[in-house]
Amino acid sequence: MRKICEKVQEITPSKNMDQLRLEVFPKSKELEVLLKQAIMENELIFGMMTADRLQLITDAMKPRNLSPGKFLLTEGKKGSRFYITIKGEFEIFKGQIMLKRFDHVTVLGETAMLSKVKRFVSIKAVTSAKVYSLSRKVFDEIMTFTADAGKVTFHPTKRDEQVKKEAIEARRPLNVGKMSELNHIQLEDLTPLGCLGKGGYGKVDLVQYNNEKLFALKYLKKFDIVQCQQQKHVFNEKEVMLSCDCPFIVKLYRTFHDSRYLYFLMEPCLGGEVWKLLKNYKFFDEPTTKFFAACVTEALDYLHRRHIVYRDLKSENLMLDTRGYLKLVDFGFAKFLKPNEKTYTFVGTPEYTCPEIITNKGHNKSADYWSLGIFIFELLVGKPPFGGKNPMRIYNNILRGIVAVEFPLKVPKRAQSLIKDLCQHNPVLRLGNLKNGVMDIKNHSWFHDINWDKIRHQTFPSPFVPHIVKTEDYHFLEQINEDPPEETSGWDDDF
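**Overview of the state of the cysteines**
No. 1: Counted under the stated rule, the structure contains zero disulfides.
No. 2: Here C354 is not cross-linked by a disulfide; its sulfur's nearest cysteine counterpart is in C423, at 9.8 Å.
No. 3: Exposure remark for C354: the relative accessible area of 1% places this residue in the buried category.

In structure tokens:
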């Protein structure tokens, strides 16, 4: 086992810890130092630490003894705890193959603190062993309790009433007229033509009403939503989508529900998903990338002016219409935020996650601009700038910054400049979050040949014209016929 060689600097918490109710497990001074050293040597957790957080996490870590042959982590199982090994020997397995044996103090399973990812390997105790652990629930409580230092205080100004009025207006459904026109449509009136796509919670079908009008019908499995505690996200998605009326955002017309699914009736985007197109083309040329980025910039500008942060920008969440214009889809992570307000929820896709989300320092609309930079890089290169075999490695690479990324020669210098400005590690200095807001992005030299008025009115010709599958051919697309279990608790009665 590793010896304690250096004395850890004495840490004095700065807050009144009596306000936070935690179960504390007594530890010797030497053990406390050992746990702190392990945490501070872990690249992922280290970036989130303050003095208060380190002390609270150490105090709350719970001891556990393992007998020989007992598994600490099981490959494929969702994690909800992270561990620090203190005593004993362990073996790491990938499938049936033993990869490594170790007996030193180390942090294990730390990505479970950030998201509900599955364990990448199995870890088994070879000898009698002892570990200390912390649950994600307690970790989140500590991070939230100690978040005040990173918050930006909103000082009331003369614009308060105007801001309040804008926020109320932003939440008002704008598609009411279109909804009322379509209220006569019932679920049984829609004929499925084929599957447009599928995801973790369900699928999206192309459907037809009265053998004439086409719609996209999104199915969400209620049972899975409840199991993953995503009820609030689904209602939030509906509220946000109904509040938007923008040509760069897919329109939601109405919703349905039954014992198995929630349904979103939306406008169809028949040009395909950008991620799938990117896989086929490997990468996009500069004019196409620039046009797609301009469409996304307009969508984000619209959302941010309505005090909505999107928080899940990625190529999978962008669809093309028949003319080649992009539309944002999937608003499960979108959120209303007041000016100067921050949110602390860990959301998003690993490759697109900004540093302040990883370190839990609070984020706002600038997180969307970080993702815009990642998106531009991905389209030009064919893959995001920050990769890795698992989320932990991806997050570690993100924390190293865009300065550590080597740009391929095919990425134009002006595009490199914009990407670096959008992926500025400090959100206060990030392009789009400065004094001139989104205009700093639109006025960047890379966009010199973009006519923003024509983009906004969708009169600018798209350099990419998608192939549109004929309606009668959609029945050949992949179908998903297995129905999920029924869910009849009634939480969706008002959906």
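Anyway, onward from the coordinates.
**Points about the environment of E341**
No. 1: When you line up the elements, E341 lands in the loop between β18 (335-336) and α11 (355-358).
No. 2: As a C-alpha pair, E341 and K365 span 24 residues in sequence and 9.6 Å in three-dimensional space.
No. 3: If we ignore the near neighbours within four places in the chain, the residues touching E341 are H363 and N364.
No. 4: Within the structure, E341 has its side chain in polar contact with the backbone nitrogen of K338 (distance 2.7 Å).

**Points about the pairing of strand β8 (residues 129-135)**
No. 1: Of all seven residues in β8, six are buried; the element is thus mostly enclosed.
No. 2: Sheet topology note: the strand β3 (residues 81-87)/β8 ladder contains six bridges and is antiparallel. Residue pairing for β8: R81 is matched across the bridge by S135.

**Overview of the sheet that holds β8**
No. 1: An order of β1-β8-β3-β6 is seen for the four strands of this open sheet, with the pairing classed as antiparallel. What marks the edges here is a single partner per strand, and that holds for β1 (62-66) and β6 (106-108). Averaged over all neighbouring strand pairs, the angle between strand axes comes to 30°, with direction disregarded.
No. 2: Along the sheet, helix α1 (residues 29-41) makes contact with β3, β6 and β8, crossing β3 at roughly 125°.

**Let's talk about the sheet that holds strand β14 (residues 272-273)**
No. 1: Read across the open sheet, the three strands follow the order β14-β16-β17; overall the sheet is antiparallel. Two strands bound the open sheet, and with one partner strand each, they are β14 and β17 (326-328).
No. 2: Pairing analysis gives two bridges linking β14 to strand β16 (residues 318-320), with the strands arranged antiparallel. Its bridge partner lying in β16, E273 is registered against M319.

Thresholds applied
- Residues numbered from 1 in each chain as written.
- Predicted model: local features only at pLDDT ≥ 70, side-chain atom pairs only at ≥ 80, totals over all residues.
- Heavy atoms only, no water.
- Disulfide = S-S within 2.5 Å.
- Buried < 20%, exposed > 50% of the residue type's maximum accessible area, 1.4 Å probe, protein only.
- Helix = DSSP H or I, 4+ residues; strand = E, 2+ residues; numbered from the N terminus.
- Contact = heavy atoms within 4.5 Å.
- Polar contact = N/O pair within 3.5 Å; in protein donor to acceptor, adjacent residues only side chain to side chain.
- Pairing = 2+ DSSP bridges.
- Axes fitted to C-alpha atoms, helices over the stretch in contact; angles between N-to-C directions.

It is worth stressing that arrangement in space is one thing and function is another; only the former is reported here.
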